[in-house]
Amino acid sequence: MTFFLEQLIIGLSSGGIYAIMALALVMIYKSTGHVNLAQGEMAVFSTFIAWSLVQMGVPIWPAIFLTMAVSFVGAIVLERVVVRPFAEADDLVIVAVFVGLFLGIHSLAGAIWKYEVKPFPSAFSDGSVNLMQDLSIRIHTLGSLATTGAVLAATWFFFRYTRLGLALRAAADNHESSRLVGINVSFMLALGWGLAAGIGAVAGVMIAPVTFLDPGMGLAPLIFALAGALLGGITSPFGAALGGLIVGVLEAMISAYVPYGIEFRELIALMLILSVLLVRPAGLFGEIVTRRV
Amino acid sequence: MSHALELKDVSASYGHGAILHDINFDVPAGGVTALLGANGAGKTTTLRAICGMIETHGDVRLFGESITGKTPEAIARMGVAHVPDGRGTFTSLTVLDNLRLGAFSAKKRTNFRKSLDQVYDYFPRLKERSGQHAGTLSGGEQQMLAIGRALMAEPRLILLDEPSIGLAPVIVKQLFEILEQIATEAGVSMLLVEQNSNLALKLASEAALLEVGNLVARGTSEELSQNQEIARAYLGDVSDTGAQA
């Protein structure tokens, strides 16, 4: 029982990271219909920025907030300069643009920070707490879980109760009607990128103390986040986040209980998810999107 | 006479060949003008040209100020509310959020509550459904929502694109009674596009008739409905209801 609880908490903690990444994916997907394949690389790049700031002597929390701000602005510029010119292009062209972004950011991170594994400091204190007899959990794990909760709550509040959040939801729902009520849709699309990068940075600095920091660390979380988003429903921000959590728990449980689980956890998790999608193509909480032509 | 909207030699295209050719007409301040014509005559295109959604040449003036070439969002903020073809509902959002969006570019945000009460007053059904996803509304309710959304902006001019389309006659009758109230009580100027010319001419004081992208007639509603030639050629249903006499 203790072992199970331990796995559950570890699963929820890494699932929380996938949840944040899934939320970032949904933010761009909802308003443009495209999956940002470079989301993971962007988060890694952000994490390297945070690492550099820490190396320069900035305390970890200010470094995280500064990184979020830089990522926010950087992604807006990226959207404007690299992605926007292809707004009207075919889907395959856009996939190529995203692959290009993926490779470009990956290479840039490698060029600046070198392809070597670096330790990344936790934003929380070292050590662990005893939750009950025989069950001790690292403080970082719990802190990461709490951070996920805070990010999800803040995002929910922003979309539900602010004027800007309403405008973003409107722009995601219907570009033309949004413009007709006076919303600058073009700005909203860029803002979506900024927000996605800002919260993606949080995912990066939460996972890096666990996996260590290297330019290649973004791919696996991106795949799990995408799987989570598809499982929960990529049209529903909180469905996607919940999907991310489920994927994290699945991953932990498969590693713990299935023979050869550690080696095949990605594959087994993906197979389970695909089986669900066979029954519910739009995901557990998603809506089937119909597009007017 | 002052004009809410003036179109002078307006041409418009979707990128491949012109759809509208040198259109001229106007909407008097506080008045209703009906824009009539058969399917494909260019009525919807005219509305899209006015609110900046397509490439437009010529001169479009809103209360004397030129708005040609401005973006749709800029024109919306200047007080033009468009009730588009297909109603433009934000389907995944609630009815209340749709109405909040209508007020997005209202000049005075403090008037939100007042505008909302006014809209609920016109359309009590929207109040009952305020928490519901707008995509689940019936066609008539979505049309009410589209008009309500337009009113929330406290507009100076409302562009209505075929509000009667796809609705049961009894709903259409209610809707037009409310539109008449809005025009007379609130004094909002309107440009009404309709295929149902009988209905439109009752509400409007002036009318213009489009035929394949050209303006072929304009005048008061009375003049247009009494011109037998026009009535027979374009407004078939008018003569059926006794306008010949």
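Residues numbered from 1 in each chain as written. Chains lettered and ligands numbered in written order. Predicted model: local features only at pLDDT ≥ 70, side-chain atom pairs only at ≥ 80, totals over all residues.

### Digging into the overall build of chain A
Next up, step 1: Tallying secondary structure elements over chain A gives eleven helices and two strands in all.
Next up, step 2: Shown N-terminal to C-terminal, the secondary structure of chain A runs as helices and strands in the order α-α-α-α-β-β-α-α-α-α-α-α-α.
Next up, step 3: Relative to the globule expectation of 19 Å for 293 residues, the C-alpha radius of gyration of chain A, 19 Å, shows essentially globular dimensions. (Helix = DSSP H or I, 4+ residues; strand = E, 2+ residues; numbered from the N terminus. Rg over C-alpha atoms; globule rule 2.2 N^0.38 Å.)

### What about the interface of chain A and chain B?
Next up, step 1: Tallying the contact residues gives 14 residues for chain A and 19 residues for chain B.
Next up, step 2: Elements that contribute at least two residues to the side of chain A that touches chain B include exactly helix H6 (163-173) and helix H7 (175-180) of chain A.
Next up, step 3: A per-element tally of the side of chain A that touches chain B places H6 of chain A first, with five residues.
Next up, step 4: Residues of the side of chain A that touches chain B, tallied by class, amount to six nonpolar, four polar and four charged. (Contact = placed C-beta atoms within 7 Å. Nonpolar A, V, L, I, M, F, W, Y, C, P; charged D, E, K, R; others polar.)

### Re helix H10 (residues 237-257) of chain A
Next up, step 1: Given a rise of 1.5 Å per residue, 21 residues ought to cover 30 Å, and the 30 Å separating the end C-alpha atoms of H10 of chain A matches this to within 8%.
Next up, step 2: Burial analysis of H10 of chain A places 16 of its 21 residues in the buried class, the great majority of the element. (Expected span 1.5 Å × (residues − 1). Buried ≥ 20, exposed ≤ 12 C-beta atoms within 10 Å, placed from the backbone.)

### Concerning helix H6 (residues 139-152) of chain B
Residue and element names in this part refer to chain B.
Next up, step 1: Over its 14 residues, H6 runs 20 Å from end to end, which matches the ideal 20 Å to within 8%, given 1.5 Å per residue.
Next up, step 2: Of all 14 residues in H6, twelve are buried, a share of seventy percent or more.
Next up, step 3: Regarding H6, the residues found buried are Glu141, Gln142, Gln143, Met144, Leu145, Ala146, Ile147, Gly148, Arg149, Ala150, Leu151 and Met152.
Next up, step 4: Of the surrounding secondary structure, the elements contacted by the buried residues of H6 are strand S6 (80-83), helix H3 (95-102), helix H4 (112-122), helix H5 (124-128), strand S7 (157-161) and helix H7 (169-186).

### As for the nonpolar core
Next up, step 1: In this structure, Ile20, Met21, Ala22, Leu23 and Leu25 of chain A together with Leu159 and Leu192 of chain B are the most contacted members of the largest nonpolar core, which totals 163 residues.
Next up, step 2: Of the residues that make up this core, three or more belong to each of domain 1 (1-79 + 155-239) and domain 2 (87-153) of chain B.
Next up, step 3: If sequence neighbours within four positions are ignored, isoleucine 20 of chain A has contacts with Thr148, Val151, Ile199, Val202 and Ala203 of chain A. (Core = buried A, V, L, I, M, F, W, Y, C linked by C-beta atoms within 7 Å. Domains from an automatic or database assignment.)

Spatial relationships are all this shows, so hold off on functional conclusions.
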